[in-house]
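Below are the chains, spelled out letter by letter.
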Amino acid sequence: MSSPADFELDPGVAKLLKRNADGLVPAIAQSEQGEVLMLAWMDDHALAHTLATRKGTYYSRSRQDYWIKGQTSGHTQEVLGVRLDCDGDTILITVRQEGAACHTGDRTCFDSRDLLGGAF
């Protein structure tokens with residue numbers, strides 16, 4: 001079975017990316033309806049794997065390893081579109097999300113209180 005590390009990013013795409021010091025780019029996953037679901041990190045291999053398989057594939061900074069969304073939870077992401085922002089330093093992924101996107105079990109990682117909304 002292949003690993004995301006086995007995938008190579010197209011050099012033309014790689015040239016467009018502006019990575020942080022760790023070689024990572026933030027990736028925002030949004031639903032087909034435009035709902036922001038989560039933010040994760042990608043390196044070139046994770047992005048290449050995502051593009052090739054159409055499965056949301058990310059790099060865990062804490063575990064220093066790849067993870068494919070839903071591989072253990074069953075809450076998968078079918079990738080419908082991938083865009084770069086104008087600076088090439090953020091990836092926007094449109095997904096068909098099955099189940100929760102957040103590791104807490106919530107549909108989105110952004111369900112918490114609005115910081116402008118008052119008391120905590």
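Looking up the chain in an unreviewed UniProt entry gives the name Phosphoribosyl-AMP cyclohydrolase, with the organism given as Corynebacterium accolens. Of the comments in the UniProt record for the chain, the one headed Subcellular location (unreviewed entry) reads "Cytoplasm".

Moving on to the nonpolar core. In this structure, Met 38, Met 42, Tyr 58, Ile 91 and Ile 93 are the most contacted members of the largest nonpolar core, which totals 23 residues. Put simply, the parts of the chain that give this core at least two residues each are β1 (25–31), β2 (36–42), α2 (44–53), β3 (57–60) and β6 (91–97). For this core, the element with the most residues is β2, which contributes 5 residues. Residues contacting Ile 91, with those up to four places away along its chain left out, are Leu 17, Val 25, Pro 26, Ala 27, Ile 28, Met 42, Leu 47, Val 82, Arg 83 and Leu 84.

All right, on to the sheet that holds β1 then. Ordered by their spatial adjacency, 4 strands build an open sheet running β2-β1-β6-β5, and the pairing between neighbours is mixed. Bordering the open sheet on either side are β2 and β5 (77–84), each of which pairs with just one other strand. Neighbour-to-neighbour, the strand axes of this sheet turn through a mean angle of 25°, independent of strand direction.

What counts and what doesn't
- Residues numbered from 1 in each chain as written.
- Predicted model: local features only at pLDDT ≥ 70, side-chain atom pairs only at ≥ 80, totals over all residues.
- Heavy atoms only, no water.
- UniProt positions renumbered as here; feature names shortened; annotations may be inferred.
- Core = buried A, V, L, I, M, F, W, Y, C linked by side-chain atoms within 4.5 Å.
- Buried < 20%, exposed > 50% of the residue type's maximum accessible area, 1.4 Å probe, protein only.
- Helix = DSSP H or I, 4+ residues; strand = E, 2+ residues; numbered from the N terminus.
- Contact = heavy atoms within 4.5 Å.
- Pairing = 2+ DSSP bridges.
- Axes fitted to C-alpha atoms, helices over the stretch in contact; angles between N-to-C directions.

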